[in-house]
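Each chain is listed here by its residues.
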Protein chains: 2
Amino acid sequence: MQNFNWCNPTRVLFGKGSVKDLAEYLKADNIKSVLLIYGGKSVFKCGAYTQVTDMLNELGISFPELNDIKPNPRIDKVRDGIARVKLSKIDALMPIGGGSVFDTAKAISAGAFYNGDVWDIYQHKAKINKTVPIYGVVTASATASEVNAISVISNPEANIKTSFSDPHLYPKIAAVDPEFQFTLSEKQTVYGGVDIIAHALERLLDGDEGSEFMDDQGYALVRNMLRIIPELIDDPKNYDARAEYAWASQLAHNGILSCGRATRGDFSSHRLGHSISLLFDVAHGASLSVVMPAWARYLYKFNPVPFARLGENVFDIFDGSDEEKALATIEALEDFYRDINAPTTLRELNIKEDEIQQLADNASKSGALPFGTLKKLNQNDVLEIYKLAY
Amino acid sequence: MQNFNWCNPTRVLFGKGSVKDLAEYLKADNIKSVLLIYGGKSVFKCGAYTQVTDMLNELGISFPELNDIKPNPRIDKVRDGIARVKLSKIDALMPIGGGSVFDTAKAISAGAFYNGDVWDIYQHKAKINKTVPIYGVVTASATASEVNAISVISNPEANIKTSFSDPHLYPKIAAVDPEFQFTLSEKQTVYGGVDIIAHALERLLDGDEGSEFMDDQGYALVRNMLRIIPELIDDPKNYDARAEYAWASQLAHNGILSCGRATRGDFSSHRLGHSISLLFDVAHGASLSVVMPAWARYLYKFNPVPFARLGENVFDIFDGSDEEKALATIEALEDFYRDINAPTTLRELNIKEDEIQQLADNASKSGALPFGTLKKLNQNDVLEIYKLAY
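Residues numbered from 1 in each chain as written. Chains lettered and ligands numbered in written order. Predicted model: local features only at pLDDT ≥ 70, side-chain atom pairs only at ≥ 80, totals over all residues. Heavy atoms only, no water.

1. Focus: the overall build of chain A
A tally of regular secondary structure across chain A gives 15 helices and eight strands. The C-alpha radius of gyration computed for chain A amounts to 20 Å, which stays within 12% of the reference 21 Å derived for 390 residues, consistent with globular compactness. Residue burial in chain A is summarised as follows: out of 390 residues, 63% are buried. Taking contacts inside chain A between residues at least 6 apart in sequence as the whole, the part at least 24 apart equals 76%. About 14600 Å² of surface is accessible on chain A, with carbon and sulfur atoms providing 47% of the total. (Helix = DSSP H or I, 4+ residues; strand = E, 2+ residues; numbered from the N terminus. Rg over C-alpha atoms; globule rule 2.2 N^0.38 Å. Buried < 20%, exposed > 50% of the residue type's maximum accessible area, 1.4 Å probe, protein only. Contact = heavy atoms within 4.5 Å. Areas by Shrake-Rupley, 256 points an atom, 1.4 Å probe, with all protein chains shown as cover.)

2. Thoughts on the packing of aromatic side chains
All names here are of chain A. Taken as a whole and assessed by the stated rule, the structure comprises 20 aromatic pairs over all chains. Seen in terms of ring centroids, Y122 and F164 are 5.6 Å apart; in terms of plane orientation they differ by 55 degrees. Their pairing is tilted. Here F164 lies in strand 7 (residues 160–165) and Y122 lies in helix 6 (residues 119–122), a separation of 42 residues in the sequence. For the pair Y122 and F164, a shared accessibility class is recorded, and that class is buried. (Phe/Tyr/Trp six-rings, centres within 6.5 Å; stacked < 30°, edge-to-face > 60°.)

3. Remarks on the environment of N362(A)
Residues and elements named next belong to chain A. Within the element layout of this structure, N362 appears in helix 14 (residues 356–365). Take N362: its relative accessible area is 4%, and that puts it in the buried class. Distance in space between the C-alpha atoms of N362 and S258 is 28 Å, their sequence separation being 104 residues. Not counting chain neighbours up to four residues away, the residues in contact with N362 comprise N159, S275, L278 and L279. A polar atom in the side chain of N362 sits 2.7 Å from the backbone oxygen of N159. (Polar contact = N/O pair within 3.5 Å; in protein donor to acceptor, adjacent residues only side chain to side chain.)

4. Section: the interface of chain B and chain A
Each side of the interface is counted separately: chain B has 37 residues, and chain A has 37 residues. For the pairing of chain B and chain A, the buried interface totals around 3400 Å² over both sides, and the portion due to carbon and sulfur atoms is 54%. Of all residues in chain B, M1(B), F213(B) and W247(B) bury the most surface against chain A, accounting for 22% of the area lost on that side. One can count four salt bridges joining chain B with chain A. A salt bridge links R223(A) to D216(B); the nearest nitrogen and oxygen atoms lie 3.9 Å apart. Mapped by element, the contributors of at least two residues to the side of chain B that touches chain A are strand 1 (4–14), helix 8 (212–234) and helix 9 (239–253) of chain B. (Buried area = accessible area lost by both parts, 1.4 Å probe. Salt bridge = Lys/Arg side-chain N within 4 Å of Asp/Glu carboxyl O.)

5. A word on the relation of the copies chain B and chain A
The transformation that overlays chain B on chain A combines an axial shift of 0.0 Å with a rotation of 180 degrees, and the residual RMSD is 0.0 Å. Put plainly, the chains are arranged around a two-fold axis. Interface residue correspondence from chain B to chain A reaches 100%, placing this contact among same-surface, isologous pairings. (Least-squares fit on C-alpha atoms with pLDDT ≥ 70 in both.)

6. Observations concerning the sheet that holds strand 1 (residues 4–14) of chain A
In spatial order, the strands read 3(A)-2(A)-4(A)-5(A)-8(A)-1(A)-1(B)-8(B)-5(B)-4(B)-2(B)-3(B); together these twelve strands make up an open sheet with mixed pairing. Unpaired on one side and paired on the other, strand 3 (65–66) of chain A together with strand 3 (65–66) of chain B mark the two borders of the sheet. Of the strand pairs in this sheet, strand 1 of chain A and strand 8 (residues 173–176) of chain A are connected by four bridges, and their pairing is parallel. Counterpart to L13(A) in the pairing with strand 8 of chain A is A175(A). Contacts from helix 3 (residues 48–59) of chain B reach strand 2 (34–38), strand 3, strand 4 (92–97) and strand 5 (135–138) of chain B, with the element oriented near 175 degrees to strand 2 of chain B. (Pairing = 2+ DSSP bridges. Axes fitted to C-alpha atoms, helices over the stretch in contact; angles between N-to-C directions.)

7. A short note on the packing of helix 11 (residues 284–299) of chain B against helix 15 (residues 379–389) of chain B
Residue and element names in this part refer to chain B. Where helix 11 contacts helix 15, the two axes come as close as 8 Å, and the packing angle between them is 115 degrees. Note that helix 11 runs across helix 15; the crossing there is right-handed. Of the residues in helix 15, those in contact with V290, V291, A294, W295, R297 and Y298 of helix 11 are D381, E384, I385, Y386, L388 and A389. Among the residues making up the contact of helix 11 with helix 15, the classes are represented as nine nonpolar, no polar and three charged. (Left-handed = near helix turned anticlockwise from the far one by under 90°. Nonpolar A, V, L, I, M, F, W, Y, C, P; charged D, E, K, R; others polar.)

8. Considerations on the pattern of salt bridges
Tallied over the full model, the rule gives 35 salt bridges over all chains. With a closest N to O distance of 2.9 Å, R309(A) and E312(A) form a salt bridge. One end of the pair is R309(A) and the other is E312(A), both in helix 12 (residues 305–314) and three residues apart, which spans about a single turn. Residues joined in a network through salt bridges with shared partners are E212(A), R227(B), E231(B) and E244(B).

9. Topic: the environment of S249(B)
Residues and elements named next belong to chain B. Along the polypeptide, S249 turns up in helix 9. For the pair formed by S249 and A144, sequence separation is 105 residues and the distance between their alpha carbons is 5.8 Å. Ignoring sequence-local partners within four residues, the contact set of S249 consists of S141, A142, A144, E146 and I196. At 2.6 Å, the side chain of S249 forms a polar contact with the backbone oxygen of A246.

10. With respect to the confidence of the model for chain A
Of all residues in chain A, 99% have pLDDT values of 70 or greater, and the mean over the chain is 96. As a predicted assembly, this complex carries a pTM of 0.96 together with an ipTM value of 0.95. (pLDDT = per-residue confidence, 0-100.)

The following block contains the structure:
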């Protein structure tokens, strides 16, 4: 078990009606104006917008708005938000949404007190010392952006989707009312679920021996997600399943699953997925259900052990050698993705064979090569994995 | 799944040499003097005292000492510590030890800015608004006092051992170097382990349906402790087992296992155990291995379900009705305690049959009756459970 430094300062207000509980903290912190940040119709449809603005009105808090945040959120919207914060008196940011909206809020928070262009921060050319506090409301669980210090932003001009992490970026409070997620589409639920599972797998399959105790926590999380996602496909308004899904998403990526591991997770699949999302506007979860099995098929013979343990603990695969178990595990994961109608090939995403090189080139330039921890991937590995994903 | 409000602000510096990592935080927070709080010889034997005082000397931090804190720590020592803090300029408290030392530090922290007697706070007659920050070093894991907001203190004059909890009591930083625990006796390791298991069971057996996902996290914790304790009996210097034990102790009682439950845990067994510890100076863990199976035998027919689920998920008990599984589970838990040489009867603690009434009287007066959540216990229930424990 490796050394670690663990502190997650975000307060989670979890459950039915939790937006109301935000009020006492906003009052205590003397917040007078917030920049409300959201995507589109979904915040109206699910009821979050009304609940939040009713609360803000009651407290006499002003709330200029920045909306139309898209999935795979972009740096131009971040720049807009920073300009808004610099021009007017904004005490706090209030994202209402899922990962894209929170990632945008964190980027605005990071750039608001920086004098250059915020993209410098994502290029690791500038440090953050001061941020605007974030009090957020979750309407789509998956990335756990509301309880971690990570922000993933796309820069279409540079053709880069990249992530940045800094302890200053932890939101102060995240209110999670699982009822807001009753109106998510089946696709959103499935892709979010794929992402949650991926966050656990990036740790469990990182090649570090970690600890049996923490691995078991990760296996329990994945096993439960295999149950919860189909429950929600059957009944999108199943409160307990929505709540377990939301809470599992946080425990999968609030950092706790990295405690005791030599790595912070492998995250090659995330890197490879980011290029698919960026170039072909594919949902993050859909990129992962395609690329993670291909990554696994490419690598498992190199080190079958973590795949075999995953199979034993999650898919009840006990027969054969570790290599045989590993392959059966990857097949079981693909079968699960197919069962929940998540894509498992680039073809299903309408990506053509002659576009694979473009993906490989993009993934290779979005950050330093080699990347990954189970096996360090170079440019050729990246290309071969995309080919397998085809 | 029930609503909850989750935030654990304590920073954990975990692993080999983690005392050194405290330095940067003490510097950043401009700490110039700490009250060093510890028990006796063990902090010298394990090397923690030397490492801590070397670091403090290097930083030029003064460190008056309050030592000789005993297991089942007492209010008089707390009063001594408060007097010390009130008389001299103390910026922070630095407990070095296990639960008793941290509980004492928290009590001093709570009382330092209160003008009356600190026992008022434990009697819920006074509120805390301001505390002295705690930067602690763990040398014996079990209670997780270093990462929670609970303090358990005994008042021998009033013949009461009771706990108090307040968000102000979270330590600011807890450094955990598992190597300090290489020198713990087998008894300490076993009793600590019994306590860790009990913290998970107090939730899993609280009668609330909770959530399958969180129950699985609890089961994984218990299952791993059943492996880790014997590993440490075999080899007290097994670093990975010490580390898993230390980290499991924190996850068992840092509050996360209560998330989504209607109760904060049943904790009848803890209440019943406190009277045994108080009146007969019994180690906390030893009181729990005696009282928890008796509590379970007294209650399981009333609601066998949580016991049966525990048996399936932890002890591989699959045959029979829920009631039969429940009984087999309790027997398996007792067998485990016997295997690790933890007592399972009051007789083994040299408590006589005619002293049982005294225990029941004490447990009934140490807090409001009825207590417990799986089944609310009244005075007669308490007596019957102690009789079963005999």
